[in-house]
Amino acid sequence: MYALYAWGNFISEVGLDRRPAWLDPAVLRGEQQVIDESLMIGDTDTLLVDGAGTLFEIDGDDENLVRGSELIGRDLSGVEWRVSRIRAATDGTREDALRIVAAIEEDGDYSEEDERHEYNSVPVGEIVTLWEDDHGQWTLALVKL
């Protein structure tokens, strides 16, 4: 099984990482998408999100990220939180994750970062390939779960 994670400066610069829609219980259960016109990587269509698998930073702790599904029913009022690693909605196959990457690579602004696999910046599974855009706004990781 494979997953595609996305993160970078873009989500915090436009405030995507703190939008209340992320904490909707239906999103955290993976039953509903976060619909936001700003949730795009390059000139692609809006990125569909697996809210249950998306990773959140709680109280500034970027070392111990929490899956969205673990936040269901948790009272986060008064707690500092943000989305740290967005998990793209896929069917779990490598091919479906790479389909999303292929659409993004058509922009021509992305390159593979194979040498960074030793540091797993996604604390689940094993990173197979990393891509970064030339502007430092997005990083994508194909992860084998």
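Below: a short report on this structure. Quick caveat: nothing in here was measured; it's all calculated off a predicted structure.

In this structure, Leu4, Trp22, Phe56 and Ile86 are the most contacted members of the largest nonpolar core, which totals 30 residues. Looking at this core, the elements that each hand over two or more residues are β1 (2-7), α2 (25-28), β2 (55-58), β4 (81-87), α3 (94-105) and β7 (139-144). It is α3 that contributes the most residues to this core, four residues altogether. The next biggest cluster of nonpolar side chains, apart from the first, holds ten residues, and it includes Trp7, Val122, Leu130 and Val143.

Moving on, we come to the pairing of β1. In terms of burial, β1 is a largely internal element, six of the six residues being buried. Residues of β1 alternate between two faces, with Tyr2, Leu4 and Ala6 on one and Ala3, Tyr5 and Trp7 on the opposite face, all of them buried. In this structure, β1 lies alongside β4, joined through two bridges in antiparallel fashion. The residue of β4 that forms the bridge with Ala6 is Ile86.

Two aromatic rings are characterised by how far apart their centres lie and by the angle between their planes. A complete count under the given rule lists three aromatic pairs for this structure. Consider the rings of Phe56 and Trp81, whose centres lie 6.1 Å apart with planes at 50 degrees: the pair is tilted. You can see Phe56 sitting in strand β2 and its partner Trp81 sitting in strand β4, a full 25 residues away along the chain. Of the two residues, Phe56 and Trp81, both sit in the buried class.

Within this structure, the stated rule accounts for four salt bridges. Residue Arg87 is joined to Asp50 by a salt bridge in which the shortest nitrogen-to-oxygen separation is 3.3 Å. Placement of Arg87 in strand β4 and of Asp50 in the loop between α2 and β2 is noted, with a sequence separation of 37 residues between them. Measuring nitrogen to oxygen at the nearest pair gives 3.2 Å for the salt bridge that ties Arg82 to Glu57. In this pair, Arg82 sits in strand β4 while Glu57 sits in strand β2, placing the two residues 25 residues apart along the sequence. Judged by its relative accessible area of 24%, Arg82 falls in the partly exposed class. The class of Glu57 is buried, set by a relative accessible area of 9%.

Cut-off values and rules
- Residues numbered from 1 in each chain as written.
- Predicted model: local features only at pLDDT ≥ 70, side-chain atom pairs only at ≥ 80, totals over all residues.
- Heavy atoms only, no water.
- Core = buried A, V, L, I, M, F, W, Y, C linked by side-chain atoms within 4.5 Å.
- Buried < 20%, exposed > 50% of the residue type's maximum accessible area, 1.4 Å probe, protein only.
- Helix = DSSP H or I, 4+ residues; strand = E, 2+ residues; numbered from the N terminus.
- Pairing = 2+ DSSP bridges.
- Phe/Tyr/Trp six-rings, centres within 6.5 Å; stacked < 30°, edge-to-face > 60°.
- Salt bridge = Lys/Arg side-chain N within 4 Å of Asp/Glu carboxyl O.

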